[in-house]
Structures are given as structure tokens and as C-alpha cells.
Amino acid sequence: MLDINYLRENLKKLKTAAKNKKIVIDWDQLLKLDDQRRKLIQEMDNLRNQRNENANLLKDPKKRTSALIKEGRALKDKLASLESKYNLLLAQFEEIMVKVPIIPSADTPIGKDENDNVEIFKWGKPPKFDFKPKTYIELAENLDLLDLERGAKVSGYRGYYVKNEAVILQMGLMMFALNKLIAKGFTPIIPPTIVKEFVLFGSGYFNGKTYNPETDEIYKLANADKLSDGSIQKENKFLIGTAEPSLLAYYADEILEEKQLPIKFAGFSQCYRSEIGSYGKDTKGIYRVHEFMKVEQVCLTKADIAESDKIHLEMIEISKELHQDLKLPYRILQICTGDMSAGKYKMFDIEAWIPSKNGYGETGSASNFLDWQSRRLNVRYKDSKKNKNFVHMINNTAIPSPRFLISILENYQNKDGSIAVPEVLRPYLNNQDKIGPKEK
RNA sequence: GGAGAGGUGGCAGAGCGGUCGAAUGCACCGGUCUUGAAAACCGGAGCCCCGGCAACGGGGCCGUGGGUUCGAAUCCCACCCUCUCCGCCA
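The written sequence of each chain sets the order in which its residues are numbered from 1. Going through the entries in the order they are written, you letter the chains from A and number the ligands from 1. Reporting of local features is limited, given that this is a predicted model, to residues whose pLDDT is at least 70; pairs of side-chain atoms are given and counted only at 80 or more, and all residues count toward the totals for whole chains, interfaces and linings. Just so you know, side-chain values use all the structure's heavy atoms and leave hydrogens and water out.

Description of the packing of helix H7 (residues 165-183) against helix H12 (residues 401-411)
The packing of two helices is summarised by the inter-axis angle and the distance between the axes.
No. 1: For the pair H7 and H12, interaxial distance at closest approach is 10 Å and the crossing angle is 120°. H12 is crossed by H7, and the crossing has right-handed handedness. Between H7 and H12, the residues in contact are Ala166, Leu169, Gln170, Leu173 and Met174 and Ser401, Phe404, Leu405 and Ile408, respectively.
No. 2: In the scheme used here, Gly and all other residues not listed as nonpolar or charged are polar, with Ala, Val, Leu, Ile, Met, Phe, Trp, Tyr, Cys and Pro taken as nonpolar and Asp, Glu, Lys and Arg as charged. Here the contact of H7 with H12 is built from residues that sort into 7 nonpolar, 2 polar and no charged. In this analysis an axis means a line fitted to C-alpha atoms, helices contributing only their contacting stretch, and an angle means the value between N-to-C directions, from 0 to 180 degrees. Helix and strand assignments follow DSSP, with helices taken as H or I runs no shorter than four residues and strands as E runs no shorter than two, numbered in order from the N terminus. Rotating anticlockwise by less than a right angle from the far helix to the near helix defines a left-handed crossing, while the corresponding clockwise rotation defines a right-handed one. Two residues qualify as a contact provided that any one of their heavy atoms is within 4.5 Å of a heavy atom in the partner residue.

A word on unusual backbone geometry
No. 1: Backbone torsion omega between Leu261 and Pro262 reads -5°, so that peptide bond is classified as cis.
No. 2: Assignment of secondary structure puts Pro262 in the loop between strand E8 (254-257) and strand E9 (263-272).
No. 3: One non-glycine residue, Glu275, lies in the positive phi region at around 55°.
No. 4: Tracing the backbone shows Glu275 in the loop between E9 and strand E10 (291-301).
No. 5: Of note, Leu370 is a non-glycine position whose phi angle comes to about 50°, a positive value.
No. 6: Mapping Leu370 onto the fold places it in the loop between strand E13 (359-368) and helix H11 (372-377).
No. 7: Each residue is assigned to one of three classes by its accessible area relative to the maximum for its type, calculated with a 1.4 Å probe on protein chains only: buried under 20%, partly exposed between the two thresholds, exposed over 50%. With relative accessibility at 10%, the residue Leu370 sits in the buried group.

Comments concerning the sheet that holds strand E6 (residues 219-220)
No. 1: In this description, strands pair whenever DSSP reports at least two bridges between them. Read from one edge of the open sheet, 3 strands run E5-E7-E6, paired in antiparallel fashion. Strands with a single pairing partner mark the edges of an open sheet, and in this sheet they are strand E5 (194-196) and E6.
No. 2: Pairing geometry for E5 and strand E7 (residues 237-239), over 3 bridges, is antiparallel. Residue pairing for E7: Val195 is matched across the bridge by Phe238.

Topic: the pairing of strand E11 (residues 330-334)
No. 1: A large share of E11 lies buried, amounting to 4 of its 5 residues.
No. 2: Examined bridge by bridge, strand E1 (residues 118-123) and E11 share 5 bridges and lie antiparallel to one another. Residue pairing for E11: Val118 is matched across the bridge by Gln334.
No. 3: Pairing between E11 and strand E12 (residues 346-354): 5 bridges, direction antiparallel. Bridging across to E12, Arg331 finds its partner in Glu351.

Description of the nonpolar core
No. 1: Only buried residues count toward a nonpolar core. Its members are Ala, Val, Leu, Ile, Met, Phe, Trp, Tyr and Cys residues joined through side-chain atoms within 4.5 Å. Leu173, Leu326 and Ile399 are the most contacted members of the largest nonpolar core, which totals 50 residues.
No. 2: Secondary-structure elements contributing two or more residues to this core are helix H5 (136-142), H7, E9, E10, helix H10 (305-325), strand E16 (392-400), H12 and strand E17 (419-420).
No. 3: For this core, the element with the highest residue contribution is H7, accounting for 8 residues.
No. 4: Leaving out residues up to four positions away in the same chain, Leu326 has contacts with Leu173, Phe176, Ile399, Phe404, Ile408, Tyr412, Pro422, Val424 and Leu425.

Have a look at this one:
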């Protein structure tokens, strides 16, 4: 949520930003509510001042007259009615306020939807097969690497089992990503995957102020757990869709020292997605699933756009390296305003080549939110002048399990249906260089 | 499944209807003293909101939200959380 004073000062730019991001805001109503809100605060503070003075007089038993007590009661009633009015107003005000976007970077392309995203970088050439390449589903079923039928039987639609060498490939990918990040100074973390509501609101994973199962792609736990004293825990809990929110909320309500920054986290977690808005999309295989593993990069930096921009690019360099080390052809798209959510300042997607798609498929997404998330999560730092500032927060995928698996299986396939093991993953597979049919 | 204790400033910890934005200790900042440092002594400190160019003024903040009261850190209720012990369990 933006600061209302900032909003008033940058109204024109914000209006443009909202328009470009296709977000509808009733600006007049918002400003009107804010005016009323301020006026009410003044009135209430006035009344409280009177109440306090009245109570002070009454401290002395000698001055305790029924007139003063009556006055006190009247003040109390008046205050109560203003307070309920204020609460109503505040709720209306915040409902609009949470939707106000931040202004995207100047270099963000202005566009309607994903068709207006701009390819800014490309690496590697799609492989040319001198045979008819198989899809990863065919390859995996022949080599007993995935079991989708039983996945659906046991877990339901979008359920899957990963088997045999694919398990080691998947775990190897996770370790490979973690090791690279650790070498670059990131702190490895396995965060909780069950989180409270504020974590997801703070990271911007709800469209509104609270969870909406119709629009938010988040699982909410149906049953509560028990507290240490045996009572039922009543607060709502959710499953994360990425380690990002858990990592961002790590320092919620804390004040950091400037010298701690930048903070770099490499989070490994299982990720859960309800895919509620994607029904009917990518219905086959493991391209779009309800759960997978991912290594995620998250950085907190000083409140300096040059600095967070720089780190953002460094994080993307790491994604590039990961793709290149695995020799997966990929490209990078800069995401346009219309395909960007409210809180994002600048965003890139990374897509690896998937032969069966005859195109690229998203394998990563890197976004700089500036202080949009840190305001909600209340993560600040003290600068050298002892001023408190909200940190900038940037996140980027390192490696998500299923889509890298898809890309590897298909790009590395041989004519005989076997799959070459990417060199950097061989150590995880006892230096095996090929995955062939199982002997039964 | 069962039994207790408790959440107060950066930390520790008192307060148990008005004298409390809150004792005390440690940590912190400024000063005196000292060649310098330490010690000692003196002084100062928090956050948020509203108004104001500012000096400043007003309000709020003792886990969170309600309630009782002229008045709540203190009383009542709900919620959140932590700790200890027994049981069960990965």
C-alpha cells in the first residue's frame, strides 16, 4: 500500500500507471475519503483532548461534581459515534488504497497483455533432431520417469509421480541451483510452506485486502492445528505458491541495519498452486501442476532504485547462468504494463525452449517491487542518518522442478528414446551420462 | 488428549483503576573529568497519526481487537502468540 501523501504528490503519474496496468481506481472517491478521514481524525483528537482534560479534573475528589461526570459521559458518546464512522470510512478508503499500483519503470513497455511483452535477450539455438522427437510425456512414460495416470488416481487432476532417474534429476537440479546461489553469497533457507494471512497479503498474493478463493490462486487450509496448550488455533493458514512470501516476511515488523543490506536468500520449498484461474489450460502432463519444488531467489536492498535495479539484473544473470550451464536454449522477455501486477516496478520472464511446444515456456520470473511489499510487511532499515526507510524487495526464480525437467527431457533426447544427462547434473547421478530404458 | 505460567520501551524487568509514556539495571547518544581510553558524574533519548514552512501543538501506542469507567498497562471478554510438564507422534 502506498503512502497517501506520496499518492497525492504523484497523482498524475499514478493515474497513468493504473491505466497502463489496466487497474480501475476511483481516484475522486479515494481523495474524497481521505479528506473526510483527515477531518474526522482531527475531530476525534479534539474530543479525546477534552476527555483527557475532563478526566484530569476529576482526579481530585474535591472537584468531582456530577456536572463534570455528565460532561465526560457526553464526550464518550460523541467519540464513540465518530469512531464508528471513522472505522467505516477507513475500510472504504483502504479498499481502494490497496489496489493503487506503483509506477512502473520508465523502460517498461506499455502494452495490453502478454502479446506486448518484448523479447530482449535470446541464447542458444533450438535443437534440430534428425528423427521425430518425442514429447516429454512419451519419453517419461517409456523410461518410467513420470506416472501421470496414477498421479491423477491418487492426487486428482494435475497430480503426478516423479520416478527413478527423474527423481535424482529433480533433486539434482535443486541442489545445483542452491549450490550456485550459495557460491554467490546467498543464504540458503528452507522456509515454512504453511503461512498466516498477512504473509500473502504483504507479498501481494491476494487481489484485494483479504483472501478470495474465487480469484486468488492460493490454497487455504481447511482445518486448524492445535496450540501448545491444546486449544484449537483459529487463525487462517495458507499454503505458499513459492518461497518468496515466506522469505519476504522473515523480517516483517523489524528494523534492519543498513550494513546488513543487501540480504540475499536462496529459498527451497515445495510450492502449491490452486491454478483456479487456469482451468482448461495446459491440461496434460506436468507443465502446470498443483505442487512442485522450486529454488527461489529473494533480495532485500536499500531504498535506492539504482541499487535494487542492479541487484535485479544480477539475479537475472544467475538465471541465465543456470540455463546456460544446463545448455537449455532460452530467451528473456520484458513484461509490459498490461501483463504486470499492481505492485511491480519492473518485471522479466525467462523462458526455456520446449521442443514439443515448438516454442518457449516460462521457467522463471524476476520482479522488482521496490518498497511496495516492504510497506505491507513493514520491513525497514536505519540508514546512516538514522532515518528509517522501507527496503526494496526483488524476487526471481532460480529453478522450478517440473518445467526444467520437461525442457531437459525433450532437449536432451536421443533417437533411441534415451536421454542424455546434462553434464552439470551427472555428479548427482553417479556420473551416469544417459538415461535408458529400464530392464524389467 | 491433559495440566500450568506468561506476553510492558533495543534487552532484562517493576507497575496491578487517576500521581504512568511508564521505576530500575544494561545497552545507546551528548557533555564534564582525562594526554587518550576506562571508571565516575551530569544530561538526553522511542514509534505512529493529524495540523503547521518551521519552532511547535494535539492525539494514539504496555501482544491484537472489543467492553466496563468521567478516567485502563492495570478490571472483563474474545483472539493471537510464547514457555513448562505429562501423553501421543514424524
